[in-house]
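An overview of the molecular structure
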Amino acid sequence: MYKADLPSDSSIEKALERRRTAEMARKARIFNTRQRVLGLDLDALNQQVHEKKHQQNMEKQRDKAYDQLREYHDKALIQRDIDEREKQAALHTGLTQYWATRQRAEDSSDVNLKSGLKGAFGVTIPEGELGPASMTIFQGEGIGEEQRRREQVKMTERDLRTQKEDNERRLLGDKHKAMLVGRELVHQDLRGLQLRALEEECKKAACIALDNYNQSLAAERAEALKVQQKSEEREDVAEMWHTLTSDMMTECAEGARQTGEGRRPLVLVDRWKGMSPEQLSAIHREREEQRFERQRQREAQKIQDVAYELQLLKLSREAEEGERGAEEMRRQKRIQTARYNMQLAREQQAHQEYLNKKLYTNKPSKDYFHQFNTSSR
């Protein structure tokens, strides 16, 4: 048996190559710490921009193709309309030519019946050879045509005369109506003038009556004003007399007090003229007593303030002493902590030297670290 050279399947190779490319891209994306942490993939962004531009170009080309196709269809429709018009014009021209050449009036069978037709010709076949279907003029046709024409002329003249008489009667009626309308308008104008004159007279009478009424009202108002002025003058004189003879003007002190049953005496402020010397001396004594009491209260307040300040000074000194003691204790504590930390540092350094020099003597090489993260799975 011979070995046959079978062709390789290209689809399988393409699938493998596509998987290898995807795996390499995945490794580059996963093992790239900067892109994974920051979240920025410039290659993917550039690929998206490229795809977007390609899509836009394809849309532009598609729109351009649609525009060209639309223009082509528009031109085709316009050309078809032009061809249709030209075809209709040619058909009409052919039809007209056919009428002119094939359907002339001179070639009709009843051409001899048309009296006013030019170029008419008679039948050349003898009448004895013609049948009943070839008869064009019958016996007895055209009798009384002149009489009928005269009757028609008379009837036309009579109709025209009747129409003329009707028009004249219509014109007379219109003139009569216009005259009646003019008379009615004149009558209306005269009546309007009379009504306007009556209206003017009524307005004049109303104005005269209104003037008389206003004059009477003015007279009544003037009389009322005089009576009111006299009354106000009497009231003013009475008020002046009462003011001059009242306790206020006469300075009577008894009139400024009003006493009631079981109540304290009230002072009428509009009649009070001032206090007596006894009342003034009582007020001065009360004011001096109040001043002495106020001075005593101020001195007691000063003594109390001095005692309070002394107490505050004593408390502040005690607080300062306590703060100094606390600061000294914190300083001692910091010193103890520093000593303890130095001891711990010496112990840690000794332990680190033990680990580096005695325990961990075999250091791993680069190959040991390179064996990790070699695949994305």
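Scoring rules and cut-offs
- Residues numbered from 1 in each chain as written.
- Predicted model: local features only at pLDDT ≥ 70, side-chain atom pairs only at ≥ 80, totals over all residues.
- Heavy atoms only, no water.
- Helix = DSSP H or I, 4+ residues; strand = E, 2+ residues; numbered from the N terminus.
- Buried < 20%, exposed > 50% of the residue type's maximum accessible area, 1.4 Å probe, protein only.
- Contact = heavy atoms within 4.5 Å.
- Areas by Shrake-Rupley, 256 points an atom, 1.4 Å probe, with all protein chains shown as cover.
- Patch = residues over 30% accessible without salt bridge, like charges linked within 9 Å, V, L, I, M, F, W, Y side chains within 5 Å.
- Salt bridge = Lys/Arg side-chain N within 4 Å of Asp/Glu carboxyl O.
- Lys, Arg positive; Asp, Glu negative; His and termini not counted.
- Charge placed at Lys NZ, Arg CZ, Asp CG, Glu CD.
- Polar contact = N/O pair within 3.5 Å; in protein donor to acceptor, adjacent residues only side chain to side chain.
- pLDDT = per-residue confidence, 0-100.

Structural notes on the overall build of the protein chain
The helix and strand tally for the protein chain stands at seven helices and two strands. When its helices and strands are written in sequence order, the protein chain yields α-α-α-α-α-β-β-α-α. Classification of the 377 residues of the protein chain by burial places 2% in the buried group. Considering only residue pairs separated by 6 or more positions, the protein chain has 29% of its internal contacts joining residues 24 or more positions apart. Carbon and sulfur atoms form 55% of the exposed surface of the protein chain, whose accessible area is close to 36,400 Å².

Some thoughts on a negative patch on the surface
Taken together, the side chains of Glu232, Glu233, Glu235, Asp236 and Glu239 define an acidic patch exposed on the protein surface. Among the structural elements, aspartate 236 can be located in helix 4 (residues 145-244).

Focus on the pattern of salt bridges
Evaluated as defined, the whole model comprises ten salt bridges. In this structure, arginine 70 and aspartate 67 form a salt bridge, with 2.4 Å as the shortest nitrogen-oxygen distance. Placement of the pair is arginine 70 and aspartate 67 together in helix 3 (residues 42-102), with a separation of three residues, close to one helical turn. Classification of arginine 70 by relative accessible area gives partly exposed; the value is 46%. Here arginine 291 ties to glutamate 288 by a salt bridge, and the two come within 2.7 Å at their closest N and O atoms. Residue arginine 291 and its partner glutamate 288 are located together in helix 6 (residues 277-359), separated by three residues, close to a single helical turn. For arginine 291, a relative accessible area of 46% translates into the label partly exposed. For glutamate 288, a relative accessible area of 33% translates into the label partly exposed.

Here's the deal with a nonpolar patch on the surface
Taken together, the side chains of Leu95, Tyr98 and Trp99 define a hydrophobic patch exposed on the protein surface, amounting to about 310 Å² of accessible area. Residue position: leucine 95 is located in helix 3. Take leucine 95: its relative accessible area is 38%, and that puts it in the partly exposed class.

A word on the environment of threonine 96
Structurally, the position occupied by threonine 96 is in helix 3. Among the polar contacts listed, one links the side chain of threonine 96 to the backbone oxygen of histidine 92, at a separation of 2.8 Å.

Some remarks on the confidence of the model for the protein chain
When pLDDT drops low, the exact placement of atoms in the prediction is not to be read closely. Looking at the protein chain, the pLDDT average stands at 81 and 78% of residues meet or exceed 70. Highest mean pLDDT in the protein chain belongs to helix 6 (91); lowest belongs to strand 1 (residues 257-258) (54). Low pLDDT, under 50, characterises residues 115-121; the predicted model gives this stretch six contacts beyond four residues in sequence or across chains.

Re the environment of arginine 330
Among the structural elements, arginine 330 can be located in helix 6. For arginine 330, the side chain forms a polar contact with the side chain of glutamate 327, separated by 2.6 Å.

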